[in-house]
Every structure is written in C-alpha cells, then in structure tokens.
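One letter stands for each residue in the lines below.
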Amino acid sequence: MIDLAVILAVGRGTRLGPLTKDRPRAMLPVLGKPVAVRIMDRLKEAGISRFIVVTGEHEGAVVAYLNTSWTPDVKPTFVLQIEPRGIAHALSLAAPHINAPFVLASTDHLTSTAHVQQLLKRFEEFKGDMVLSVTPISGGEAERGAVVRSDGTRVTTITQETLGGRGHMAFLLHACSPRLLKALNGKTSAAPDDRDLIHPIKALLEANGKITYVNAEWHVGLVHELDLLAMNKRLLREGRDAHILSEIPGSVHIIPPVRIDPQVSIGLNAKIGPNVYLESGASVGEEAVVWDSVVLRDAAVLAGEVLHNQIVARRARLSEEMPPELPSDAY
C-alpha cells in the first residue's frame, strides 16, 4: 500500500483575487484549518504516513503551520521551488526524495477520504503506473484541467481539449509509480493549472505506460473566489468540524450547520446559519442575518445587514447573489 504523498503547495492563486492578498492559497481557511492541511488530513486518514511538501518563496506560513500546529507524529520533508515554473517542475524537485510509489496532490482540490482510499486500493489492484482521480465532464469544467478518454479500463488519451464533451476531467490527486518521474524530463510546460502534467502523462502513455482512473463522488477545485465558499459548505455538511468555539449572546439564533472559530464577535439578536463559517477575528453586528456564507478574519458584517452566498474578506465582498429579502422558509 502507498504510504507516501507529494503535496504541491505552490502558487499564490492570483485568480482568487483579494483572498490571497495577505496569505497564500494553501493557507486559505476551511473550517478552522488551512486548505492544505485539510487535504493532508484526508490523505493521513486513508493511510499516508510520509509527506513531501513542495512550497514556494511565499509559503513560509505553510511550513510553520505543519511544523508547529499539525499532527506531532508526522514530520514532513520540505522542498523549495524558488521560481514558479509549474507543477511538473515542482514534482521534479521532489523527485530525489521519492523512493516508492506515491500520491501526488495539490492544495487546489478537495475530495473525500473515501475517494482517497479507493484511489489507493485501485493502484494496488491495477499494478500499473498511474491511477488518475476524475469526475465526469460537466459545463466549463474541462477548461480547468486535463481531460481523459479511456477504453473503459485503461486511459488511452489525455488532453486539454473537451473531446466533444466526452470523457472525464482529471483533477490533481493521482497515485503514481516512480516511472512518472522519468517522463518529466523535457516534458514540462509551466501551464498555470493541472494541465502542466499532461505532457509527462502523455509521454508515459507513449512509452506503453499503464494508466487507469477512479471516479470521485464529489470534488471541489479551488480556482475562483467562491470555490472557497463551496469547500466550506461541503465540509459543513459532513458535520465533523461544525463547532461553536466562541462565547455568543443567548439572543443569537443559530441554525446548524455552522462553524464559529475562537475569538469571533457576534452581536445581539443576530441570526447565523445554515452553512456559515466565521473565521477567528471576524465580527457580526447586532440583528445581522448570515447564511450560506463565509466571513474571514478581520472582516465585519454590519449591524442589520443580510448576507447570503458571499465571502466577506477584509478588502472586498465576493458574492454570487444578494437576494432582496429573506426566503420565507429560511428561519
């Protein structure tokens, strides 16, 4: 069974707008923990015990968190990518530390522990070179990753084209043999997303590599601002980390699931939930109404304000919609 994972915690996430102005993408919060740690937690739950973490020059906070605040029984190996030269290049930097089959994961993609377990099991049974995590193509998702076609069992093609709407979209959580590392030489493209791996995977296929895939029941990619809201809502529905860790007035109306970090201020008669995450340092004013939203550190919801389907950051407010009034069945 694979017990090693390579975590690509590189990239500031420029498409995430104001969310990454003062912290790297890997440190964006998902119910009280950085997204990188949420992903690593799930790998650990599935049986991974060794981690190689590739970071960039702006990811010092990731290293500090993993060294001081993560599980004490795991000591990751850290590799520095000084210049942002893509995913394949980052993997090549980790290669000297890789001595066995491994899971390759990024801090952009969250899925279930059950899917990680299926991925590991499939790799052991398949006895090939790679097992890709995929989801069915839907809408514009194929533009954000690599698209694969198969014969029903083995991957036959990988491309960034949509293939006429057929096939599956691969997201960056793969089980790999060390043979992938040999395919990296001269096959990097420094693409801004997961498509950077298309070239070495193609090279592996051309060398008669044996690659298959596993469908994920669900997957959330962190590409745009509101994807962070989707990640937090997904974990809230799981229920494991939906906690209230701040003292709040008795007049506050809570509708689960919610996560309220320590050191959050909430005013009298506020209504919070469902599907709300309030990060440490956030504040909600008196009689405010918040649901299906995330309020980040040092950000405030004003007294009497109605907040729905939004992320409130210190510098900006990011939303899908702002309904003129509460739905009749919300409370």
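Description of the structure in this document. (Residues numbered from 1 in each chain as written. Predicted model: local features only at pLDDT ≥ 70, side-chain atom pairs only at ≥ 80, totals over all residues. Heavy atoms only, no water.)

Details of the overall build of the chain
At step 1: Each helix and strand in the chain was counted, giving seven helices and 25 strands.
At step 2: Split into buried and exposed, the 331 residues of the chain put 56% on the buried side.
At step 3: Across the chain, the fraction of contacts at a sequence separation of at least 24, relative to all contacts at a separation of at least 6, is 58%.
At step 4: Of the roughly 14100 Å² of accessible surface on the chain, a fraction of 48% belongs to carbon and sulfur atoms. (Helix = DSSP H or I, 4+ residues; strand = E, 2+ residues; numbered from the N terminus. Buried < 20%, exposed > 50% of the residue type's maximum accessible area, 1.4 Å probe, protein only. Contact = heavy atoms within 4.5 Å. Areas by Shrake-Rupley, 256 points an atom, 1.4 Å probe, with all protein chains shown as cover.)

Focus: the sheet that holds strand β16 (residues 265–266)
At step 1: Read across the sheet, three strands follow the order β16-β19-β22 without closing on themselves; strand pairing throughout is parallel. Of all the strands in the sheet, just β16 and β22 (300–301) have a single pairing partner and so form its edges.
At step 2: Relative to β22, strand β19 (residues 283–284) is paired through two bridges, and the arrangement is parallel. Residue Val284 lies in a different strand from β22, and its bridge partner there is Val301. (Pairing = 2+ DSSP bridges.)

Observations concerning helix α3 (residues 87–94)
At step 1: Judged by how many residues are buried, α3 sits mostly within the fold: six of eight residues are covered.
At step 2: Regarding α3, the residues found buried are Ile87, Ala88, His89, Ala90, Leu91 and Ala94.

Comments concerning the sheet that holds strand β14 (residues 253–254)
At step 1: Pairing in this open sheet of four strands is parallel, and the strands run β14-β17-β20-β23 from one edge to the other. At either end of the open sheet lies a strand with only one pairing partner, and these are β14 and β23 (306–308).
At step 2: Inspection of the sheet shows strand β17 (residues 271–272) paired to strand β20 (residues 289–291) by two bridges, in the parallel sense. Across the sheet, Lys271 pairs through a bridge with Val289, a residue of β20.

Notes on the nonpolar core
At step 1: Among the nonpolar cores identified, the biggest contains 52 residues, and Leu19, Leu43 and Phe51 are the most heavily contacted of them.
At step 2: Of all elements in the fold, only β1 (4–9), α1 (35–45), β4 (50–55), α2 (60–68), β6 (102–106), α4 (113–126), β11 (168–176) and α7 (225–238) reach the threshold of two or more residues within this core.
At step 3: The greatest single-element share of this core, amounting to six residues, is contributed by α1.
At step 4: The residues touching Leu19, leaving out its near neighbours within four places in the chain, are Leu28, Glu225, Leu228, Leu296, Ile311, Ala313 and Leu318.
At step 5: Residues Val6, Ile52, Ile198 and Ile211 belong to the second largest nonpolar core, which totals 37 residues. (Core = buried A, V, L, I, M, F, W, Y, C linked by side-chain atoms within 4.5 Å.)

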